[in-house]
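Chain residues, written in single-letter form:
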Amino acid sequence: MVHELPKLPYSYDALEPYIDKETMEIHHSKHHKTYVDKLNAALEGHEELDGKTSEGLLININAISEGIKTAVKNNAGGHLNHSFFWTILKKDVEPQGEILEAIKRDFGDYEIFLEEFKKAAVTQFGSGWTWLVLNPAIRKLEITQTKDHETPLADGKIPLLVIDIWEHAYYLKYQNRRPEYVDTFIKVINWEEVNKIFLENV
Ligand code: MN3
């Protein structure tokens, strides 16, 4: 199986002025593509891993031979996280539906959730991702961080929403101003899609 770069479900300028066209184009066509290419290169000659999705590879990462384990972890993770990230972006969608009710239930209030989510994203050290996940064991929403390209799926948590806080996600437009990027990111969350993912998994 050859892993493929998914097409974006919108144009590179669809999130302007919040996330600029150039950042989106480089992020998708260069950064994400490189993860896909490196994943395919790492898997070459490993027919036993044919047909495994990036999610399948990551959930059973310890079953993968030491020679390619790190490359698979980093690049399948980069591929999986970016593929998810693109789907939850759309500008000017209001928080809505059952996910909004669940946020109010588990965080007390939407504004409290927002502050906690932004704080987690702004204060996270180094490269990584800040997530809103469903913890199915206790049927509750949680904010969590993963470093590099690790996925909450490895801990049995279900991703609902994520912000990419690698500098490549915002540096062209926001440079070192990560808090400004995080503030603006709130305006490009596709709450309709997040609600759909929540309903499929709750
Ligand atoms: Mn990225």
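Computed from a predicted model, the values in this text were never measured in an experiment. (Residues numbered from 1 in each chain as written. Predicted model: local features only at pLDDT ≥ 70, side-chain atom pairs only at ≥ 80, totals over all residues. Heavy atoms only, no water.)

Q: Teacher, can you tell me more about the pattern of salt bridges here?
A: Opposite charge on two side chains allows them to pair when their charged atoms are near. Inspection of every chain in the model, using the stated rule, returns 12 salt bridges. E66 is the partner of K69 in a salt bridge, and the nearest nitrogen-oxygen pair spans 3.0 Å. A residue pair is termed a helical-turn pair when its members lie 3 or 4 positions apart in one helix, as K69 and E66 do in helix α3 (residues 66–87) at three residues. By relative accessible area, which is 17% here, K69 ends up buried. The class of E66 is exposed, set by a relative accessible area of 61%. A salt bridge links K118 to D183; the shortest N-O distance between them is 2.8 Å. Here K118, found in helix α5 (residues 110–123), pairs with D183, found in helix α7 (residues 178–185); they are 65 residues apart in sequence, far enough to count as distant. Overall, K118 belongs to the buried group, its relative accessible area being 16%. The structure contains a network of salt bridges with shared partners spanning K73, K147, D148 and E150. (Salt bridge = Lys/Arg side-chain N within 4 Å of Asp/Glu carboxyl O. Helix = DSSP H or I, 4+ residues; strand = E, 2+ residues; numbered from the N terminus. Buried < 20%, exposed > 50% of the residue type's maximum accessible area, 1.4 Å probe, protein only.)

Q: When you look at the coordination of the manganese ion in this model, what are you seeing that I'm missing?
A: Four donors placed tetrahedrally around a metal ideally meet at 109.5 degrees, and six donors placed octahedrally ideally meet at 90 or 180 degrees. Protein-derived ligands of the manganese ion are H27 (NE2), H82 (NE2), D164 (OD) and H168 (NE2), with the metal-ligand distances lying across 1.9 to 2.1 Å. As a motif over one chain, the donors of the manganese ion read H-x54-H-x81-D-x3-H. Within this pair, whereas H27 is found in helix α1 (residues 21–43), its partner D164 is found in strand β3 (residues 158–164), the two being separated by 137 residues in sequence. (Donors = N, O, S within 2.8 Å, 3.2 Å for Na, K, Ca; no water.)

Q: What am I meant to see in α1 here?
A: Since the α-helix turns once every 3.6 residues, residues separated by three or four places project in the same direction. Over its 23 residues, α1 extends 32 Å from the first C-alpha to the last, a length consistent with the 33 Å expected when each residue adds 1.5 Å. Taking the largest bend as the criterion, α1 deviates by roughly 30 degrees, centred on H27. Along α1, the positions that sit buried rather than exposed are T23, M24, H27, H28, H32, Y35, V36, L39, N40, A42 and L43. Where the residues of α1 are buried, they touch α2 (54–59), α3, β3 and α6 (171–174). In the stretch just after α1, G45 is the one whose phi turns positive, near 85 degrees. (Expected span 1.5 Å × (residues − 1). Bend = angle between axes of the 7 residues up to and from the residue. Contact = heavy atoms within 4.5 Å.)

Q: How should the nonpolar core be read in this particular structure?
A: For soluble globular proteins, the rule of thumb is that nonpolar side chains tend to be buried together. Counting 49 residues, the largest nonpolar core has L89, F113, L141, L161, F185 and W191 as the members making the most contacts within it. Residue assignment for this core shows that the elements contributing at least two residues are α1, α3, α4 (97–107), α5, β1 (128–135), β3, α7 and α8 (191–201). Apart from residues lying up to four places away in sequence, L89 is in contact with Y10, L15, M24, F185, V188 and N190. In this structure, L39, L43, L57 and I61 belong to the second largest nonpolar core, which totals 12 residues. (Core = buried A, V, L, I, M, F, W, Y, C linked by side-chain atoms within 4.5 Å.)

Q: Hey, could you run me through the sheet that holds β3 in this one?
A: Whether parallel or antiparallel, the strands of a sheet pair through hydrogen bonds between backbone atoms. Spatially, the three strands line up as an open sheet ordered β2-β1-β3, and their pairing is antiparallel. Of all the strands in the sheet, just β2 (140–147) and β3 have a single pairing partner and so form its edges. Geometrically, the sheet is characterised by an average inter-axis angle of 25 degrees between neighbouring strands, direction not taken into account. One ladder, built from eight bridges, connects β1 with β2; its direction is antiparallel. Counted as the bridge partner of T130 is Q145 from β2. (Pairing = 2+ DSSP bridges. Axes fitted to C-alpha atoms, helices over the stretch in contact; angles between N-to-C directions.)

Q: Help me out: how do you make sense of the packing of aromatic side chains in this one?
A: One pair of aromatic rings is described through two measures. These are the centre distance and the angle between the planes. One pass over the full model with this rule turns up 13 aromatic pairs. Taking 6.1 Å as the distance between ring centres and 5 degrees as the angle between the ring planes, the aromatic pair formed by F85 and F185 counts as stacked. Separated by 100 residues along the polypeptide, F85 in helix α3 and F185 in helix α7 bring together distant segments of the chain. Each member of the pair F85 and F185 is classed as buried. Between Y170 and Y181 the ring centres are 4.7 Å apart and the planes differ by 20 degrees, which places this aromatic pair in the stacked class. Taken together, the residues Y170 in the loop between β3 and α6 and Y181 in helix α7 connect sequence positions 11 residues apart. Of the two residues examined, Y170 and Y181, each falls in the buried class. These aromatic residues form a ring-pair network of at least three members: F84, F85, W86, W129, W131, Y170, Y174, Y181 and F185. (Phe/Tyr/Trp six-rings, centres within 6.5 Å; stacked < 30°, edge-to-face > 60°.)

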